[in-house]
Amino acid sequence: MPIDRPYRRTCRQFVDGGYTEGGRGQYMVHPKFAQAPEHYVRAFLLLLKDVQELFDYIEPADVNLSCYSYRIHALLLRSCVEVEANCKAILKENGYTKASDMTMDDYKKINTTHRLSSYQVKIPNWTGRKETRSPFLGWATGGSLPWYQAYNTTKHDRHAEFEEATFEHLLDACCGVLVILSAQFETNDFSPGNTLLAVDSRNDGMESGIGGYFRVKFPNDWLQEFRYEFDWHKLQNESDPFQTIDYSKIA
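Residues numbered from 1 in each chain as written. Predicted model: local features only at pLDDT ≥ 70, side-chain atom pairs only at ≥ 80, totals over all residues. Heavy atoms only, no water.

Engineer: Sorry, what's going on with unusual backbone geometry here?
Structural biologist: Most of the time, phi is negative for any residue but glycine, and the peptide bond is trans. In this model, Arg 115 sits at a positive phi of 55°, which is unusual for a non-glycine residue. Overall, the relative accessible area of 25% leaves Arg 115 in the partly exposed class. With a phi angle near 55°, Glu 186 is a residue other than glycine that sits in the positive phi range. (Buried < 20%, exposed > 50% of the residue type's maximum accessible area, 1.4 Å probe, protein only.)

Okay, here's the thing in structure tokens:
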């Protein structure tokens, strides 16, 4: 049976294959869907602004993916901190608790509930063939995330591991932030004028993501029993129209 009410901080495909068509995405702006979502989006928008500024000095191109620098390293750290912050928010607001600090083993549970490994992000104005990034693809087969490993190694021993702070790892980390935001809020940036009704005329199978710079391909491989099927007009007047995900049952 499809899911008859939305989960907290969880954007999913509906049974007909759509996401927000016909105003169905209004559940994402309900005050009980997420705590302070604009806080997380604003952090990404500031990060995106700085990454775009970096493009003034490093051309988005295949040949530059191995570049590394102090500026790239700083942005890599910021990106991964935002990924961690979003992961913790998803887990905590769905009732997941842990006596010790959360780790990547906890964060990987979110791939099961949000299909992070199925997202693709396209970087515009790219020279070469590697403009489309899948930052969480490693989780599809139970593997690790090279950009997150680079974050950890350079954070703990920058002198020895500095060359891991590459342009490629930064881009994947930044795209990772966008993916995890998209998996919660689709393209909603929580600005005063956002109505979730924007029309994108480009026919590339992607949508303009939060921030309006990168393009995002949302998963279309949700199994029918895990897709949404609810009438938000009926649910929205309930005191709490959302349910939580039991992450303790997810390996």
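Engineer: Please clarify how the nonpolar core should be interpreted in this entry.
Structural biologist: Among soluble globular proteins, nonpolar side chains are generally buried collectively. Counting residues in hydrophobic clusters, the biggest one holds 73 residues, and the most contacted among them are Tyr 27, Phe 44 and Phe 214. No other element matches helix 7 (residues 167-185), which puts 13 residues into this core. Excluding its chain neighbours within four sequence positions, the residues that come into contact with Phe 214 are Phe 44, Leu 48, Val 121, Lys 122, Ile 123, Pro 124, Cys 174, Leu 178, Glu 207, Ser 208 and Gly 209. (Core = buried A, V, L, I, M, F, W, Y, C linked by side-chain atoms within 4.5 Å. Helix = DSSP H or I, 4+ residues; strand = E, 2+ residues; numbered from the N terminus. Contact = heavy atoms within 4.5 Å.)

Engineer: Sorry, what's going on with the sheet that holds strand 3 (residues 207-208) here?
Structural biologist: Strands in a sheet are paired, the pairing made by backbone hydrogen bonds, and the direction either parallel or antiparallel. On the basis of which strands lie adjacent, the open sheet formed by four strands has the order 2-1-4-3 and antiparallel pairing. One side of each edge strand has no neighbouring strand; the edge strands of this open sheet are strand 2 (132-133) and strand 3. (Pairing = 2+ DSSP bridges.)

Engineer: When you look at the pattern of salt bridges in this model, what are you seeing that I'm missing?
Structural biologist: Oppositely charged side chains are able to pair whenever their charged atoms sit close together. Applying the stated criterion across every chain, the model contains 13 salt bridges. Here Glu 238 makes a salt bridge to Arg 5, at a shortest N to O gap of 3.0 Å. Highlighted residues: Glu 238 in the segment after helix 8 (232-235) and Arg 5 in the segment before helix 1 (37-54), separated in sequence by 233 residues. Looking at Glu 238, the relative accessible area reads 33%, which means it is partly exposed. Here the residues in one salt-bridge network are Asp 16, Glu 21 and Arg 24, joined through shared partners. (Salt bridge = Lys/Arg side-chain N within 4 Å of Asp/Glu carboxyl O.)

Engineer: Where do I start with the environment of Cys 175 in this structure?
Structural biologist: Checked against the element boundaries, Cys 175 lands in helix 7. Residue classification places Cys 175 among the buried residues on the basis of a relative accessible area of 0%. Setting aside residues no more than four positions away along its own chain, Cys 175 makes contact with Val 121, Ile 123, Arg 133 and Pro 135.

Engineer: It is not clear to me how a negative patch on the surface should be interpreted in this structure. Could you clarify?
Structural biologist: On the surface, Asp 157, Glu 161, Glu 163 and Glu 164 cluster together into a patch of negative charge. On the secondary structure map, Glu 161 appears in helix 6 (residues 158-161). Taking the relative accessible area as the measure of exposure, Glu 161 reaches 30% and is therefore partly exposed. (Patch = residues over 30% accessible without salt bridge, like charges linked within 9 Å, V, L, I, M, F, W, Y side chains within 5 Å. Areas by Shrake-Rupley, 256 points an atom, 1.4 Å probe, with all protein chains shown as cover. Lys, Arg positive; Asp, Glu negative; His and termini not counted. Charge placed at Lys NZ, Arg CZ, Asp CG, Glu CD.)

Engineer: Help me out: how do you make sense of the packing of helix 2 (residues 70-93) against helix 5 (residues 146-156) in this one?
Structural biologist: With their axes 10 Å apart at the nearest point, helix 2 and helix 5 run at an angle of 115° to one another. In the crossing of helix 2 with helix 5, the sense of the turn from one axis to the other is left-handed. Contacts between helix 2 and helix 5 involve His 73, Leu 76, Leu 77, Cys 80, Val 81, Val 83 and Glu 84 on the former and, on the latter, Trp 147, Tyr 148, Ala 150, Tyr 151, Thr 154 and Lys 155. Considered class by class, the residues forming the contact of helix 2 with helix 5 number nine nonpolar, two polar and two charged. (Axes fitted to C-alpha atoms, helices over the stretch in contact; angles between N-to-C directions. Left-handed = near helix turned anticlockwise from the far one by under 90°. Nonpolar A, V, L, I, M, F, W, Y, C, P; charged D, E, K, R; others polar.)

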